[in-house]
Structure formats: C-alpha cells, structure tokens
Amino acid sequence: MKKIILLFTIFLTFSNLILKSENINEIKIFKNIRCLICQGQSIADSNSDFAQTIKLVVKDQILEGKSEKEIYNFLIDKYGEWIVYKPTTNPQNFILWLTPYAILFIGGFIILVIVKKREKH
Amino acid sequence: MNIKFNYIILFGIPGFILLIFFLGLNTNNKYDTRELVGNQINNFKLIDIYENKTITNLDLKENNFTLINFWASWCSPCRAEHKYLMDLKSQTDLRIVGINFKDKEINAKNYLKELNNPYYFLAKDINGKISIKFGIYGIPESILVDRNLKIIKKYIGPINEKDFNEIIKIVTKL
Amino acid sequence: MLSNIGNTLIILNILVTLIIIYSSHLSLKNQEVKISKKIYDLSLAQSTISIVTFFVLITGFIVSDFSLITVFQNSHIDKPLFYKISGTWGNHEGSLLLWINVLVLFSYFFLILNKKTLKNYRLSTLIIQNFLIFGFLLFLLINSNPFSLVFPTPNIGLGLNPILQDPALAIHPPLLYIGFVGSSIYFSAALASLITDFKGKLFATSIKLWVSISWVFQTLGIVVGSIWAYYELGWGGFWFWDPVENASLMPWFVMTALMHSLFVLEKRNTLYSWVIVLCLSTFTLSVTGTFLVRSGILNSVHTFANDPSRGLYILLFLSLMIFSSIGIFLKKYKKENYDFNANSKETFILINNWFMAFFLATVLIGTVYPIFTEVIGNIKISVGPPFYNIVILPLVIPFMIFMALAPNIKWIKNSLDNFLPLTIIIISAIFLNVLIINFFKPYSIQSSLITISSLFLIIHTLIDLIKCLKKKVNLDYSRIVSHLGFGLLVFFIGINHNFSIENDFNLKIGEKKIFENYKISFNSVKIEEQKNYKTIIGLFNITNLKDLSQETLKPEIRIYSNPETLTYETSIKSKLSYDLYLTMSNINRSDFYNIKFQKKPFMIWVWISAMMIALGGFMRIFKSEH
C-alpha cells in the first residue's frame, strides 16, 4: 500500500515537472548583458544612455525572431566577450567551467577513500 | 622524492597565483573596444541628411579608406576633434562618413554651419540603433575602414593629434 | 593637532606591539608557569591605544577637521552627524584603522579568556597575532595613513556621496570586520598550535568561541550588505556575485566548514590537520579578498578608490602569510588515521566540508579567472551571475538533503532505523511542490527539485524542533534554528525567483501600462528642493486588476550638487506577502521616463530567514557560555 502511494505521488510530481516554456525572456537577456560605460551593472539595472539603446536593439532582434544565442553572438561580435556575463563555453573557458566539478570529484574520491579504509579493518 | 613533489606543488600553486595577481596589478581596468579590429563591418544602408541619396557598405569600396565618425551637436569633446576632421578632409583623399547620433537635425546642421562640414556623407541615427551595429558605445568614436570594409583602427573618444598623425600615415602609405 | 596625536599614537602602538612580541618571546623561554602580568598590561595598553586612535579619527570627522586628508576626501560640512561618524570607516584608511582595532581586541580577549590553556600556546598565538598587527600598523603608517595632512586646509570637503549615507551601509563594515578580520585570531592560534604541539580536543575548545563569533558576524555582515543593495541600489536584486560580495562569501564558506569540523575534533579528536588547514585558509581568504577589492585589479561597484600601491603591499603581506603558514604546516604535519564509518556523523560532516570546498572553489575560480585570462591571454571576459547560478544551484539540492539528514545521524555508527519517517517527509515535500505548481504556475525541473529539497529540510528540521520541545531536552536549538533558516532562505529565494513579475518599459507623464494583472499609472511628477539635493518625485498608482487593490509608489530622481551626482531612489512597498518595487529614470532628450517595476513575493521572508541563520549562531555562543 505504501509503495502504491509513493509511486503515485512520484508520478504526479513528474507529470507536473513541465519544463518552463522556452519563450524568449527579454529581461533575462538584459540581465546577461553588461553596461559598457557603467561600473559593474547589467543593462537591465543601468539607467545609462547606452543601456537604453541596447535595450531597443535587443527588443528589435527579438521581434525579428532571433534566438537568445544569436543576440549574444551579435553583441560579442561588436563589443567583445566582455559584454556578456555568462562566459562562453569555448575551449579557452574549459578551465573555468570544469575545475569546480573536478574539485567536486576529487573531494568525493577522498571521502570514499577515507571511508573505505574503515571497511578494511 | 615524494616529499619534494609535495613541496613543489604546495608552494608552487600559491606562488603561481600570487604571481598572476602581481602581474594583474598593472593591467588597465577600464574596458574598451580598441582591440576589436580586423573584422568586416556589416551591411548597412544610410540616408543622407542634406541630399536625397543613400549609401551602402558597397559604396565604401570605391575609396581606399573611409573614416566613419560618430558625433552629436550636444557633445563637447566632438567639438575638440572637429578641426582634425577638417584637416583630414583637406589633406588626404580620405572619405569621412558622419553619423549624427541621437541628435536634432536642425542642431546638427547649425553645428556644421558653424564649424564647417568635413563629411562626404552625413546620416542620422535618431535612436542610436545604427551606431550599435557598428559597435559604438559612446561618442565621439571613429572607425577607420579600408576598401575591403575591414576595420583597421578604432578611435574611442575624440581624435587627438597623435591619432591624427596616425591616420595620415596609414592613409597616405600607398 | 589631531594629526599629531594620531600619528604619535600609531607609532606608540607599533612600539608596544614590538615589545609584546619581544616579551612574549622571552616569556616562552622562561620556566614560569603563568604569563607575567606585564604582558597582560602591555596587551591592555595596546587595546587602549588602538581604541583611542580610532576615536581621534572619529573626532576628526565629527568636527570636520579637513586638514586630515582622509576627512577631507570622505566627509563634508553638510553631512548629517550620524554619517559623519560612520564615514570614519567608510573609506580605505579609516577602515584599516578598524581592521587594526579588531585584530588588537581579539588578541587581547583571546589572551585573557584562555587562561586554562597551555602557556606556550597562548604566548605563541599572541606573538603571531602581533606580527599581523605589526604588518597592518606598518601599512597604515607608510601607505594609508588616515592622519596625513593636506595643506592648505580646505574648507568644505569632498565626500557627500549620497549612496554612502545609509544606516545599513554604516554598520555593514564593522559587522564584516568582526567576522573575517576576527578570523585572524584562529589563524594565529592554528600556527601556535602547530608550533607548541597543543592539539586535539583542547585546541578545538580554545578556538570554538572565536570561530562562532566570527561566523555569526560574517553572516550578519553579508545579510546587511544584501539588504542595503536591495533597498538602495535600485535593481531589485540582493546578490550579484560581484567581486566584493564574493570576497565576503569565500571566508564564510570556510568558516562554516570549520565550525562543523570543530564538532568532530572536539567529540572524536580527529580531523586536526584539516581543522588547521581551515583555520589558516579563513584569514588567508580574508586578506585575499581585501587584496582583490582594494588593489583595483578587479572591476566592481565599490566605493573605495583603487590604488595599485596598496595592492602591492597587501600582496606582499599575503605572500608572507601564505608561505610561512605552508612552511610551518609542512614541518609540523603528522599523519592522522581516519577511522570513519560510512554511516556516521563524522562522515556527514566531511560531506559538509566537501560541499563547502566545492562552493568555495567555484566562487574563487569565477572571481579570479578574468585576471588570469587578461594576464596570460590578454583577453577580457566577464564572469557573472549566470556562471555561479548554473554551477552552484544544482548542488544545493543534495546539499540540503544531507543537511537535513546529518544531525540525526549518530556519532561513530548509525543504524538505519528512521527510513519510514524519511519517506513520509519526502512525499510531503513532493506533494507540497505539486500543490504550488498546480495552484500557481509551473517552473523548471531544477526549481522543483530545489523547492522539494528545501521543503524536505524545513519539514525535517521542524519535526526535530517538535521532538526537542516534547522531550524538554536542550538538545540542539541553535542548530535547528540555523538549518531551518537556511532551508527557509532557499525556499523563499526559489519562490521569489519563480513567481516574481518584472517589467521594463517607457512611459510619458499621464500614461499607463497594463500587464499581468497590474495596471501602472504614471500620474504626475513633483519637483522639490531639499537641503542638499533637488528631487523629481514620480507619483505612480499601482492597481491589482484581480482584487482591485491599489498602492501608491513614489520613486525619485535626485540631483545632488556637491559633488554633482544623479541618484535614483527606488520606491519599495514591503508587505509580508510581497514587495512592490518601482524605479524611475529619465531618458535624455526625451519626454519618456524609463520605468522598472517588480513584484517580488515573500521578499521580507528572505531577510527573516537569513537572520535566522545568524540567530542560530548567536544561540550557540550563549549556550557554550554556560
């Protein structure tokens, strides 16, 4: 009986775990673009002239049907990689993206070793 | 041997990181797009303010070099660089395309009447969107392109004497 | 005159510090059982001198003595008194003086509160701590002297930056300094412990209080900083993974790991070497953070002006600290035998350390990576919130599950006797998540998992709380409060993230905008003249189209004259169930205003939960005082 209840709830949950609709979210894009003339603000947060203009350009591109990635690539082409807050996943950034996970695995490995030593006694 | 290795790692890694920090102290912090050269400019189509003509990127292939200058009548550093633009026009066969950024047409025309017009072609960019397509983020800014539409140099801020001499050198080299 | 007094006191302080080092060194060698009164007196004198020096600087700010260059650059005749005083530590030089005070006071109190521990250990801690103090005093005197003179004496002062005149920003530095500068004492104690062979349980007990104190204040400091960012900076967020924020978060991860590891060291007398590493790392990260922030090497929204010469000095100091601690550690390191059962509390605490190491590594790498790409490859890239969120968030899910399970696992060996209650809790959490999705709106799988695991932690901890209350045993309220706070924090941040409504649009006066059940009417604009600024106040009416309730919000654009700054004051209505957030900014050469509107559910509960985390720590401090 318990098993049935458990299975039912899990089924209910997963049937509800719909991926959020992938409609393009302009504010999410604004938050990922850096304001070039401000000190550490995204164009979502900045009130500068530059931010206003970029917002117009991004909005136009969204209406043209461009994807999020295309918009970022457009801006990177014009202004350099510095303008996006999410670092690209190019090979030069592999160290950035992968080292934390490397540390995670090494840590896990160390713990396993420590614990396995006990089992041997 | 094993112990030596540990020592090397344990002193080496922090040492390396500290070295990078030390070298990083001397780097310039403010970001600019000066280094973003070598790419081709995008296709564009601009309409002249004075006459009823248009210009596209293909037209730029006619001349050896073109300087695309972004300015506005309300921008004071633009006034400072204006005489260099006039000199470039008179001393070389460089063509200067002007893009009037977020300005009122009447103010732009008055400005040029007062200071003279160095522009082979003058377009207006009312909301700034055209300038973004050129990778501009402030004014004054200028882009020097060759006849293959490749960006050779970017000038962030007003053109000064050093920049002026540099442009003369590049443009008259052939 | 204040300048002379200040400089004299600093030099006096340096002398006293050197005498303390020398006397302690002599005392180490002699056969006395107790530490001589002279050393206590010197330490007290050092504390007194430091405090007086600080008050001399405060006096300079209060009376606006602009002959002192620090006062001139960071204060102003027209500044309100409260902010004149808080301006003392709101600048580089003054804050260094605060650093020194914390170093000195922690040194003194550690000395007098640890009378029952090994004499040589206490003396060694004192010596090492005083080397740190000496280093900072030297830095203060040579490079960043708050008492340096400017001549001729100016009249008015430069420092009227309105963003800095805020109560939260006033207490934010002192809180943080008691946190990460206070960690210096267990840095010194750790080295002393290695040198004098004062290990194990006794060592853990001697630093326990100090680790707890620094952890609580670091937590509070970070939370207050976020509250300030939310209410003052006008972007509606409270954490931006900015280098300055990261600099305060990194020591926090290590402090948390250390606090938990101390339990193991105290209870089971193992993990000594690891605890030492953690103690050394905390203060090292604190100084690294200070270096990153004050040297100008990183681009961030911070108030301190940047100066590479400061950076050089701090880097030198940091290098000395790192190499000497590694050297001493390697020399004195003795291999330990770990004897952990897989199903034991020790292992779960190791797991806590594991996750903290991961979080720390991520934040550290993300923060310094741009420096590496620039120095090595001459490429400038940005590492911002998307990176940290993508890497860290998924791991928060298992972290919270472990956090819920761990406290009930027994030391040494646990038996799996609570399987059924666990299943019930997990099902309840999943079911609640289903309810939320069904009644409101669906969100991503990751968000669901985060909600489920935070609910799991919350429910589990609440059940623990009920058990505690029933048995009337003073078991572990401090842990329950902190873990509950953490679960609630993640839960509310999740709700906030999934159900916030925000929009960015342009309006002219008199226009309105309708979206997502809200009608925002830009009614009018009022111009007022205040004492040191002119303000344009926008009058907005927000109508909830579902229940027809209305709110009035009044964001401002403030024009200050001295120095000429423009600030945007957000209008925030905070209620228990949600916050309404409105920013208005002008668009140059246009009649339009740019409006940013946000509705943020349960925002205030985010702050309450964060405070709960700190509260748990407070409770632990007072519990251990018994």
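Residues numbered from 1 in each chain as written. Chains lettered and ligands numbered in written order. Predicted model: local features only at pLDDT ≥ 70, side-chain atom pairs only at ≥ 80, totals over all residues. Heavy atoms only, no water.

A. Examining the nonpolar core more closely. Counting 185 residues, the largest nonpolar core has W99(C), Y186(C), F203(C), I207(C) and F359(C) as the members making the most contacts within it. Here this core takes 18 residues from helix α9 (residues 200-232) of chain C, the largest share from any one element. Sequence-distant contacts of I207(C), that is, excluding residues within four places in its chain, are made with F110(C), Y121(C), Y186(C), A189(C), L262(C) and C279(C). Among the nonpolar cores identified, the runner-up in size contains 44 residues, and F44(B), Y111(B), L112(B) and I167(B) belong to it. (Core = buried A, V, L, I, M, F, W, Y, C linked by side-chain atoms within 4.5 Å. Buried < 20%, exposed > 50% of the residue type's maximum accessible area, 1.4 Å probe, protein only. Helix = DSSP H or I, 4+ residues; strand = E, 2+ residues; numbered from the N terminus. Contact = heavy atoms within 4.5 Å.)

B. Representation of the sheet that holds strand β8 (residues 571-574) of chain C. All names here are of chain C. With respect to topology, 4 strands assemble into an open sheet ordered β1-β10-β9-β8, the strand pairing being antiparallel. Looking along the sheet, the strands with just one partner apiece sit at the ends: β1 (501-507) and β8. Direction aside, the axes of adjacent strands within the sheet are offset by 10 degrees on average. In the sheet, β8 pairs with strand β9 (residues 578-586) via 4 bridges, with the strands oriented antiparallel. Note on β9: the bridge partner recorded for K573 is L580. (Pairing = 2+ DSSP bridges. Axes fitted to C-alpha atoms, helices over the stretch in contact; angles between N-to-C directions.)

C. Summary view of the domain arrangement of chain C. All names here are of chain C. Taken domain by domain, chain C consists of domain 1 (1-165), domain 2 (169-373), domain 3 (388-499 + 611-621) and domain 4 (501-604). Contact with domain 3, which involves 4 residues of that partner, is made by 6 residues of domain 4. Note on domain 3 versus domain 4: buried area summed over both sides is about 430 Å², and carbon and sulfur give 58% of it. Of all residues in domain 3, F492, N496 and F499 give up the largest surface area on contact with domain 4, accounting jointly for 82% of the area buried on that side. If you look at where domain 3 meets domain 4, you find 0 salt bridges. Residue composition of the side of domain 3 that touches domain 4, grouped by class: 3 nonpolar, 1 polar and no charged. (Domains from an automatic or database assignment. Buried area = accessible area lost by both parts, 1.4 Å probe. Salt bridge = Lys/Arg side-chain N within 4 Å of Asp/Glu carboxyl O. Nonpolar A, V, L, I, M, F, W, Y, C, P; charged D, E, K, R; others polar.)

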